[in-house]
Amino acid sequence: MKIGFIGLGIMGKPMVKNLLKAGHEILVFDIVQSHVDSVLEFGAKEASSPAEVAKECGLVITMLPNSPHVKTVVLGENGVLEGAKEGMILIDMSSIAPQASQEIAKACAEKRVKMLDAPVSGGEPKAVDGTLSIMVGGDKDLFERVKDILLTMGSSAVYCGKVGAGNTTKLANQVIVAANIAALSEALMLAKKSGVDPNLVFDAIQGGLAGSTVMNAKAPMMLSGNYQPGFKIDLHIKDLNNAIETGHTVGSPLPLTAAVMEMMINLRADGLGQEDHSAISKYYEKLTGSTIR
Ligand code: NAD
């Protein structure tokens, strides 16, 4: 089956490469030409619009920043639904609001297009390795049909429930990651201000109860002062905002999430929105006038 792929950013590009490596024929679209060019050299073909992608492909994957982008690409003028044939499958792998996934799935159903929401966790390194964790919402039989394709991009694909459940799971993931990065920044600054080398603190505690995948990925970035994304602060604000809105809707309080989101908004105001979310450490650096490094 020819696969369409829309959204060739930090995550989309390596995901396309892995689909090509697995032998799939891929037709791509992105509004930034240099992003398109970056996958053509690996064998992808270029389409002129999301509608053209949908016209030619039985399965279309989207990997876009947020709900409005997915709505534009799928529901908008020259969008996926304009070109889609009955029976086409749409897998939206972007991290968006669960409510938006449900709205888009409803519009798809009216055109007899089947949709799954399948956001991912793992970041760019795991997108490159094809070892993303994929969390999926939608029809279970449809999930089983496309699971092998998902597993060319990830090492796990877990069915989480009806449409939107994938993105609810992803919001839970993002809440945990944000609070972890803030706690890590706070703790390493405590060590630094106390005169203990944060590098040694990281070495000493990474194998204990406080150790985590987040610590292993983000502490070295804070300790070296390398904040190249990775996962941008702007995108994490988007996820935490979606989490807080969802929390308000379902009646689940998120005080920790709100606090970390305010730190990130402060950093964005300082012009750091495009840096990796490990730059939350800079919030503590600003408060103390010291660096963790
Ligand atoms: P990115 O900003 O690097 O890429 C987004 C891509 O979408 C860009 O190439 C952009 O040009 C394209 N785009 C935007 N609007 C478009 C439109 N209307 N039509 C076509 N293309 C359009 O973002 P990313 O880091 O690749 O993240 C993509 C999604 O994956 C986000 O929802 C993000 O939250 C999620 N995610 C990212 C990471 C990560 O570490 N970067 C990890 C897990 C999940």
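Residues numbered from 1 in each chain as written. Predicted model: local features only at pLDDT ≥ 70, side-chain atom pairs only at ≥ 80, totals over all residues. Heavy atoms only, no water.

Student: Just checking my understanding: could you explain the overall build of the protein chain for this structure?
Tutor: Looking only at helices and strands, the protein chain features 14 helices and 9 strands. Expressed as lengths along the three principal axes of its C-alpha atoms, the size of the protein chain is roughly 65 × 45 × 35 Å. Here the protein chain holds 293 residues, and 49% of them are scored as buried. Counted over contacts in the protein chain with a minimum sequence separation of 6, partners at least 24 positions apart contribute 66%. Surface exposure of the protein chain reaches about 13200 Å², of which carbon and sulfur atoms provide 55%. Measuring between centres, the 27 positive side-chain charges of the protein chain sit 2 Å from its 31 negative side-chain charges. (Helix = DSSP H or I, 4+ residues; strand = E, 2+ residues; numbered from the N terminus. Buried < 20%, exposed > 50% of the residue type's maximum accessible area, 1.4 Å probe, protein only. Contact = heavy atoms within 4.5 Å. Areas by Shrake-Rupley, 256 points an atom, 1.4 Å probe, with all protein chains shown as cover. Lys, Arg positive; Asp, Glu negative; His and termini not counted. Charge placed at Lys NZ, Arg CZ, Asp CG, Glu CD.)

Student: Is there a simple way to think about the nonpolar core in this case?
Tutor: Most often, soluble globular proteins have nonpolar side chains that are buried together. Ranked by internal contacts, the top residues of the largest apolar core, which has 33 residues, are Phe 5, Met 15, Ile 91, Met 93 and Leu 150. Of all elements in the fold, only β1 (3-6), α1 (12-21), β2 (26-29), α2 (33-40), β4 (59-62), β5 (89-92), β8 (132-137) and α8 (140-150) reach the threshold of two or more residues within this core. At 5 residues, the largest contribution of residues to this core is made by α8. Setting aside residues no more than four positions away along its own chain, Leu 150 makes contact with Ile 91, Met 93, Ile 134, Val 136, Phe 143 and Ala 157. (Core = buried A, V, L, I, M, F, W, Y, C linked by side-chain atoms within 4.5 Å.)

Student: So what exactly am I meant to see when it comes to the pairing of β4 here?
Tutor: Successive side chains on a regular strand alternate, one facing one side of the sheet and the next facing the other. Burial along β4 is two-sided: the face carrying Leu 59 and Ile 61 and the face carrying Val 60 and Thr 62 are both buried. Where β4 and β5 come together, 4 bridges link them in parallel fashion. By the bridge assignment, Thr 62 is partnered in β5 with Asp 92. (Pairing = 2+ DSSP bridges.)

Student: Please explain the pattern of salt bridges as it appears in this structure.
Tutor: Working definition: two side chains of opposite charge can pair if their charged atoms are close together. Considering all chains together, one arrives at 8 salt bridges under this definition. Between Asp 276 and Lys 218 there is a salt bridge, and its shortest N-O distance comes to 3.1 Å. Highlighted residues: Asp 276 in the loop between α13 (255-269) and α14 (281-288) and Lys 218 in helix α11 (residues 213-224), separated in sequence by 58 residues. Salt bridges here are not isolated pairs; linked through shared partners, they connect Lys 2, Glu 25 and Glu 56. (Salt bridge = Lys/Arg side-chain N within 4 Å of Asp/Glu carboxyl O.)

Student: Would you take a moment to explain the layout of surface pockets for this structure?
Tutor: Any empty space left between the atoms is revealed when a probe the size of a water molecule rolls over them. Of the pockets and cavities examined, the largest pocket occupies roughly 1300 Å³. Residue lining of the largest pocket: 50 residues in total, with Ile 10, Met 11, Gly 230, Phe 231 and Leu 235 positioned closest to the centre. Broken down by element, the residue count for the lining of the largest pocket peaks at 5 residues, all from α11. Looking at which domains feed residues into the lining of the largest pocket, each of domain 1 (2-163) and domain 2 (168-288) gives three or more. Counted as a void, the second largest pocket has a volume near 220 Å³. Elements with a contribution of two residues or more to the lining of the second largest pocket: α6 (98-110), α9 (165-193) and α12 (233-250). Looking at which element gives the most residues to the lining of the second largest pocket, the answer is α12, with 5 residues. Broken down by class, the residue content of the lining of the second largest pocket amounts to 7 nonpolar, 7 polar and no charged. Each of domain 1 (2-163) and domain 2 (168-288) contributes no fewer than three residues to the lining of the second largest pocket. (1 Å grid on protein atoms, 1.4 Å probe; cavity = no way out; pocket = protein on both sides within 12 Å on 5 of 7 lines; lining within 4 Å. Points joined across faces, edges and corners; volume = space filled by probe spheres on them. Domains from an automatic or database assignment. Nonpolar A, V, L, I, M, F, W, Y, C, P; charged D, E, K, R; others polar.)

Student: Explain the side chain of Ser 38 here, please?
Tutor: Tracing the chain through its elements places Ser 38 in helix α2. What makes Ser 38 buried here is its relative accessible area of 13%.

Student: I would appreciate a short explanation of the packing of α13 against α14 in the present structure.
Tutor: Any two packed helices are characterised by how steeply their axes cross, that is the angle between the axes, and by the distance between the axes. Here α13 crosses α14 at 75°, and the two axes come no closer than 9 Å. For the element pair α13 / α14, the angle class is roughly perpendicular. Across from Met 263, Asn 266 and Leu 267 in α13, the residues of α14 making contact are Lys 282, Tyr 283, Tyr 284 and Lys 286. (Axes fitted to C-alpha atoms, helices over the stretch in contact; angles between N-to-C directions. Parallel < 35°, antiparallel > 145°, perpendicular 65-115°, else oblique.)

Student: Help me understand the packing of aromatic side chains in this model?
Tutor: In this description, a pair of aromatic rings is defined by centroid distance and the angle of the planes. Considering all chains together, one arrives at 2 aromatic pairs under this definition. With a centroid separation of 5.7 Å and 40° between ring planes, the pair formed by Phe 143 and Tyr 159 is classed as tilted. Of this pair, Phe 143 sits in helix α8 while Tyr 159 is found in strand β9 (residues 154-161), placing the two residues 16 residues apart along the sequence. With centroids separated by 5.7 Å and ring planes inclined at 85°, the aromatic side chains of Tyr 283 and Tyr 284 adopt a geometry described as edge-to-face. Considered together, Tyr 283 and Tyr 284 belong to a single accessibility category, that of buried residues. (Phe/Tyr/Trp six-rings, centres within 6.5 Å; stacked < 30°, edge-to-face > 60°.)

Student: Would you explain the site of the ligand in this entry?
Tutor: Every one of the 27 residues lining the ligand counts as a neighbour, but Met 11, Asp 30, His 35, Pro 65 and Lys 238 are closest to it. Between the ligand and the protein, one listed contact pairs an oxygen atom with a backbone N or O atom of Leu 64 at 3.0 Å. For the ligand, whose accessible area on its own is 840 Å², the fraction buried by protein is 91%. The pocket occupied by the ligand, as judged from atoms lying within 2 Å of grid points, is the largest pocket. Contributions of two or more residues to the shell around the ligand are made by α4 (67-75), α7 (123-129) and α12. Split by residue class, the shell around the ligand holds 14 nonpolar, 8 polar and 5 charged. (Near = heavy atom within 4 Å. Polar contact = N/O pair within 3.5 Å; in protein donor to acceptor, adjacent residues only side chain to side chain. Sits in = over half its atoms within 2 Å of the grid points.)

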